[in-house]
Amino acid sequence: MLTNEGLCEVDVWPHIQTLTSDVISRTAFGSNFKEGRKIFELQREQAKLVMKAARSFYIPGLKYFPTKRNNSMKEIDREVKTTIKRIIDKRVIAMKAGESSQETTANMLVWTMILLGQHTDWQTRARDEVLHLFGKRKPDVDGLNHLKIINMIFCEVLRLYPPATIIRRLIYKETKLGNITLPAHTLVEINPLFLHHDNDIWGDDANDFKPERFSEGVSKVNKGQASYLPFGGGPRICIGQNFAMLEAKMALVMVLQCFSFELSPSYSHAPYTIITLQPQFGAHLILHKI
Ligand code: HEM
């Protein structure tokens, strides 16, 4: 794959998706990880169909008609259920949480590689930190917890490209929100993407990649408000956030130890949402072996 100059162009997006679904499949399904991975592949297909349905005209009752899309969705649903049942029958604990967690972690990693391919000064700072802590050694958990620059970078990536773009809450009793009174059973949608780009909260440079914002941790940035919500908040906050951060750090450290990279001219910037926030046309990078 490498040219004589030791570089090559790779769309890293599909590889990152394989990596994160492999990690969660092995963690959740143990020796049955191949079947687990199949579930994630089916779910990716399902997400595309759900988005198509959400973007088309709403006709009451249409979902009960045997259209091509409805039939495909039912077929995928059946296959996912049969596969999960097969795994449970073999007495392996299937972790339901894994369904979208591999996707969100993949999103965080891919946007990180894209942004570091663009902001190579931060890539150099991250690599210096990695080489200082680990050299070319395999990273260990203790060392991963000491990564400060990489932590700041991930926080800023999650601010600019929060994988979960919508958080929902169903209000169970009448609630006052500022000067609005919301009746019971109202569905409230919070959009972290808008919140994270709000100039009033983040300043005029809200759209810029500036990991230094997080140099003193997340709580300083929040200023006592819930203005930074990549993992949601409250009692239903993401339970996998530490797992995700550890996994992403491990992967990024190993990439930084082996390669330097920059954005390829064939990369085209098109964030879009298929349940989670993804790069529509992949993530083409030029890798240099180091
Ligand atoms: C960068 C990666 C991830 C992001 C950005 C993310 C984001 C989120 C968000 C926004 C929520 C909703 C929280 C709320 O409603 O307040 C959530 C819930 C959840 N996440 Fe994650 N997540 C990630 C990775 C993971 C991983 C790796 C796992 C499991 C290993 C996981 C398991 C869960 C579970 C089980 C919930 C539901 C919690 C509940 O309803 O009580 N997540 N996540």
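None of these values were measured; they are calculated from a predicted model.

**What to know about the site of the ligand**
Every one of the 21 residues lining the ligand counts as a neighbour, but Ser101, Arg169, Gly233, Arg236 and Cys238 are closest to it. Between the ligand and the protein, one listed contact pairs an oxygen atom with a backbone N or O atom of Gly233 at 3.0 Å. Here an oxygen atom of the ligand sits 2.7 Å away from a polar atom, N or O, in the side chain of Arg236. For the shell around the ligand, the elements supplying multiple residues, two or more each, are helix H4 (98–118), strand E2 (167–170) and helix H11 (241–258). Counting residues per element, the shell around the ligand draws most heavily on H4, at four residues. Each residue belonging to the shell around the ligand can be placed in one class, and the counts come to 13 nonpolar, six polar and two charged.

**Topic: the pattern of salt bridges**
Enumeration over the complete set of coordinates arrives at 10 salt bridges. A salt bridge links Glu156 to Arg159; the shortest N-O distance between them is 2.8 Å. Note that Glu156 and Arg159 are positioned in helix H7 (residues 148–160) at a spacing of three residues, about one turn of the helix. Judged by relative accessible area, Arg159 falls into the buried class, the value being 0%. Several salt bridges converge on common partners, so that one network encompasses Glu156, Arg159, Asp205, Lys210 and Arg213.

**Considering the sheet that holds strand E1 (residues 7–11)**
What holds strands together in a sheet is hydrogen bonding between their backbones, with the strands either parallel or antiparallel. An order of E1-E9-E6 is seen for the three strands of this open sheet, with the pairing classed as antiparallel. The open sheet has two edge strands, E1 and strand E6 (259–263), and neither has a second partner. Along the sheet, successive strands turn relative to each other by an average axial angle of 30 degrees, direction set aside. Examined bridge by bridge, E6 and strand E9 (residues 284–289) share five bridges and lie antiparallel to one another. Opposite Ser260, over in E9, you have His288 as the bridge partner.

**Side note on H11**
Look at H11: 26 Å from first C-alpha to last across 18 residues, which is about the 26 Å you get at 1.5 Å a residue. The complete set of buried residues in H11 reads Ala244, Met245, Glu247, Ala248, Lys249, Ala251, Leu252, Val253, Leu256 and Gln257.

**As for the environment of Val255**
One can find Val255 in helix H11. As for Val255 and Asp200, which are separated by 55 residues in sequence, their C-alpha atoms are 36 Å apart. In contact with Val255, not counting residues within four places along its chain, are Met113 and Phe261.

Criteria and thresholds
Residues numbered from 1 in each chain as written. Predicted model: local features only at pLDDT ≥ 70, side-chain atom pairs only at ≥ 80, totals over all residues. Heavy atoms only, no water. Near = heavy atom within 4 Å. Polar contact = N/O pair within 3.5 Å; in protein donor to acceptor, adjacent residues only side chain to side chain. Helix = DSSP H or I, 4+ residues; strand = E, 2+ residues; numbered from the N terminus. Nonpolar A, V, L, I, M, F, W, Y, C, P; charged D, E, K, R; others polar. Salt bridge = Lys/Arg side-chain N within 4 Å of Asp/Glu carboxyl O. Buried < 20%, exposed > 50% of the residue type's maximum accessible area, 1.4 Å probe, protein only. Pairing = 2+ DSSP bridges. Axes fitted to C-alpha atoms, helices over the stretch in contact; angles between N-to-C directions. Expected span 1.5 Å × (residues − 1). Contact = heavy atoms within 4.5 Å.

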